[in-house]
Amino acid sequence: MVHLGVNIDHVATLRQARYAGESTAATPEPDVLDAARAAMQGGADSITLHVREDRRHMQEEDALCVRREVPLPLNLEMGATESMLAVASRVRPNFVCLVPERRQELTTEGGLDVCARRAQLRELVAALTAQGSRVSMFIAPEPEQIHASAELGAPMVELHTGRFANTAAHEQEEELQRLIRAASLAHSLGLEVHAGHGIRLAHLSQIARIPYLSELNIGHTIIARAVFVGLEQAVCEMKRAIAELSPSFP
């Protein structure tokens, strides 16, 4: 069974659009904690959230609250910096996914360049591991990035599926083959394989061709669907679709 990690960042995006910088006696809505609980009720296997350095959506307190109140594994996405290591040390998430960050981007664009940052990332992986968090590198499906991730001692990689998800349908096969080769290489090096970014229900039949996947991390499309059917139902639909395809996953 491929697990489903539900990214609830855009619940906080909606909250911040209205309440950022405002003082209010009530809990600003929508409540991130309510979202995490609804995702759990819908069948999520873990909760993912990204505390960015510019705090554009999730805040450190959100991560602390979800970690404390929701009995699911917490996957903290974060930039590979000393200041974010300090946040992770306070939150103590089950998993940490190291991602690239640029202030001007709307969402995470591309994968982390592990090859170019070996020395810094080696120390960061060691520190996060020592505090009890399993570390994943969010990388493009490129052999050199997979080898570098394994060399640094990260037990997991998350393959960036954005190019596959956002390319024209007639060009998706080429991107899918890159993901297939990357997953096979990662598995051969002893790495646990996750995937995420831009994945929608319509993509699942193709994603099911990627071997050795243990988890899909999906956010935007679930939150978008939740506008019409509610978050618990939106998660349930995605979870059911993954379960139906699970026999197809290599």
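As a reminder, the structure under discussion sits directly above these lines.
No experiment lies behind these values; they were computed from the predicted model shown.

Student: Would you mind going over the overall build of the chain in detail, with residue names and values included?
Tutor: Looking only at helices and strands, the chain has 11 helices and 8 strands in total. Its C-alpha atoms give the chain a radius of gyration of 17 Å, near enough to 18 Å, the size a compact globule of 250 residues would have. Summarising its shape, the C-alpha atoms of the chain cover approximately 55 × 40 × 35 Å along the three principal directions. For the chain, the proportion of its 250 residues judged to be buried stands at 51%. Within the chain, counting contacts between residues at least 6 apart in sequence, those at least 24 apart form 67% of the total. Taken as a whole, the chain presents about 11100 Å² of accessible surface, with 51% of it coming from carbon and sulfur. Across the chain, the 24 positively charged side chains and the 32 negatively charged ones have centroids separated by 1 Å.

Student: How would you summarise the packing of helix α3 (residues 60–69) against helix α4 (residues 82–91) if you had to cite specific residues and measurements?
Tutor: Orientation of α3 relative to α4, taken along the N-to-C sense of each, is 25 degrees, at an axis distance of 9 Å. Classified by the angle between their axes, α3 and α4 sit roughly parallel to one another. Where α3 crosses over α4, the handedness of that crossing is right-handed. Taking contact as the criterion, the partners of Glu60, Ala63, Leu64 and Arg67 in α3 are, on α4, Val87, Arg90 and Val91. Classifying every residue of the contact of α3 with α4 gives 4 nonpolar, no polar and 3 charged.

Student: Before we move on, can you summarise the pairing of strand β7 (residues 192–196) with the specific residues and values?
Tutor: Along β7, 4 of the 5 residues are buried, which leaves the element largely enclosed by surrounding structure. Of the pairings in the sheet, the one linking strand β6 (residues 156–160) to β7 comprises 5 bridges and is parallel in character. When the bridges of β7 are listed, Val157 appears paired with Val193. Direction of pairing for β7 relative to strand β8 (residues 213–218): parallel, over a ladder of 4 bridges.

Student: Outline α3, listing residues and values.
Tutor: Those residues of α3 not exposed but buried are Glu60, Asp62, Ala63, Cys65 and Val66. Where the residues of α3 are buried, they touch α1 (9–19), α2 (32–41), β2 (46–50), β3 (74–79) and α4.

Student: Could you give an account of empty space enclosed by the protein, with specific residues and numbers?
Tutor: As enumerated under the stated definition, the model contains 1 cavity of 30 Å³ or more in all. If you add up the space inside the largest cavity, you get close to 40 Å³. Along its surface, the largest cavity is lined by Asn75, Phe95, Cys97, Ser136, Met156, Glu158, His194, Glu215 and Asn217. Listing elements by their share of the lining of the largest cavity, those giving two or more residues are β4 (95–99), β6 and β8.

Student: Kindly report on the packing of α2 against helix α11 (residues 231–245), identifying the contributing residues and their values.
Tutor: Packing of α2 against α11 leaves a shortest axis separation of 7 Å and a crossing angle of 40 degrees. Comparing their axes, α11 and α2 come out oblique. The hand of the α2/α11 crossing is right-handed. Touching Ala35, Ala38, Ala39 and Gln41 of α2 are Leu231, Glu232 and Val235, all from α11. Split into classes, the residues belonging to the contact of α2 with α11 amount to 5 nonpolar, 1 polar and 1 charged.

Student: Tell me about the side chain of His203, and please be specific about residues and values.
Tutor: For His203, the position within the fold is in the loop between β7 and α9 (204–207). When its relative accessible area of 5% is taken as the criterion, His203 is described as buried. Ignoring anything within four residues of it in the chain, the contact list for His203 reads Phe164, Ala165, Gln172 and Gly198.

Student: Would you mind going over α2 in detail, with residue names and values included?
Tutor: Among all positions in α2, only Val32, Leu33, Ala35, Ala36, Ala38 and Ala39 are buried. N-cap assignment for α2: the residue whose side-chain oxygen lies 3.0 Å from the backbone N of Leu33 is Asp31. At the C-terminal side of α2, Gly43 shows a positive phi close to 110 degrees.

Student: So what's going on with the environment of Leu191? Which residues, and what values?
Tutor: Note on placement: Leu191 falls in the loop between α8 (172–188) and β7. If we ignore the near neighbours within four places in the chain, the residues touching Leu191 are Ile146, Ala150, Ala154, Pro155, Met156, Val157 and Ala186.

Student: Tell me what's going on with the sheet that holds β7, and back it up with residues and numbers.
Tutor: Strand order around the closed barrel formed by 8 strands is β1-β2-β3-β4-β5-β6-β7-β8, with parallel pairing between neighbours. On average, each strand axis in the sheet is tilted by 25 degrees relative to the strand beside it, whichever way the strands run. In terms of strand pairing, strand β1 (residues 3–7) meets β2 through 3 bridges, oriented parallel. When the sheet's bridge partners are listed, Val6 is paired in β2 with Ile47. Against the sheet, α8 contacts β6 and β7, and its axis sits at roughly 175 degrees relative to β6. Along the sheet, α11 contacts β1 and β8; its crossing angle with β1, the most-contacted strand, is approximately 155 degrees.

Criteria and thresholds
Counting restarts for each chain, with residues numbered from 1 along the sequence as it is written. The model is predicted, so local features are restricted to residues of pLDDT at least 70 and side-chain atom pairs to those at 80 or more, both for listing and for counting; the totals for chains, interfaces and linings are taken over all residues. Values shown for side chains rest on all heavy atoms present in the structure; no hydrogens or waters enter the calculation. Numbering of helices and strands starts at the N terminus; helices are DSSP runs of H or I of at least 4 residues and strands are runs of E of at least 2. Our radius of gyration is a C-alpha quantity, and the globule rule it is checked against amounts to 2.2 Å times the number of residues to the power 0.38. Residue exposure (1.4 Å probe, protein chains only): buried if accessible area is under 20% of the type maximum, exposed if over 50%, otherwise partly exposed. Only heavy atoms enter the contact rule, under which two residues are in contact if any of them lie within 4.5 Å. For accessible areas, the Shrake-Rupley method is used with a probe of radius 1.4 Å. Any residue's cover is judged against the shown protein chains and nothing else. The charge count treats Lys and Arg as positive and Asp and Glu as negative. His and the chain ends do not count. We put the charge of a Lys on NZ, of an Arg on CZ, of an Asp on CG and of a Glu on CD. Lines fitted to C-alpha atoms define the axes here, with helix axes fitted over just the stretch in contact, and angles between the N-to-C directions of these axes take values from 0 to 180 degrees. Note on angle classes: values under 35 degrees are labelled roughly parallel, values over 145 roughly antiparallel, values of 65 to 115 roughly perpendicular, and the remainder oblique. Definitions for this section: a left-handed crossing has its near helix turned counterclockwise from the far helix by less than a right angle. A right-handed crossing has that turn clockwise. Residue classes follow a fixed rule: Ala, Val, Leu, Ile, Met, Phe, Trp, Tyr, Cys and Pro count as nonpolar, while Asp, Glu, Lys and Arg count as charged, and any other residue, Gly among them, counts as polar. Any two strands with at least two DSSP bridges between them are considered paired. Throughout, the protein atoms alone are placed on a 1 Å grid, and a set of points is a cavity if a 1.4 Å probe fits but cannot get out or a pocket if it is open with protein on both sides within 12 Å along at least five of seven lines; lining residues have an atom within 4 Å of a point. Grid points are joined across faces, edges and corners, and a volume is the space filled by probe spheres set on the points. In protein, a polar contact means a hydrogen-donor-capable atom and an acceptor-capable atom, both N or O and within 3.5 Å, with residues adjacent in sequence counting only if both atoms are side-chain atoms; elsewhere, any N or O pair within 3.5 Å suffices.

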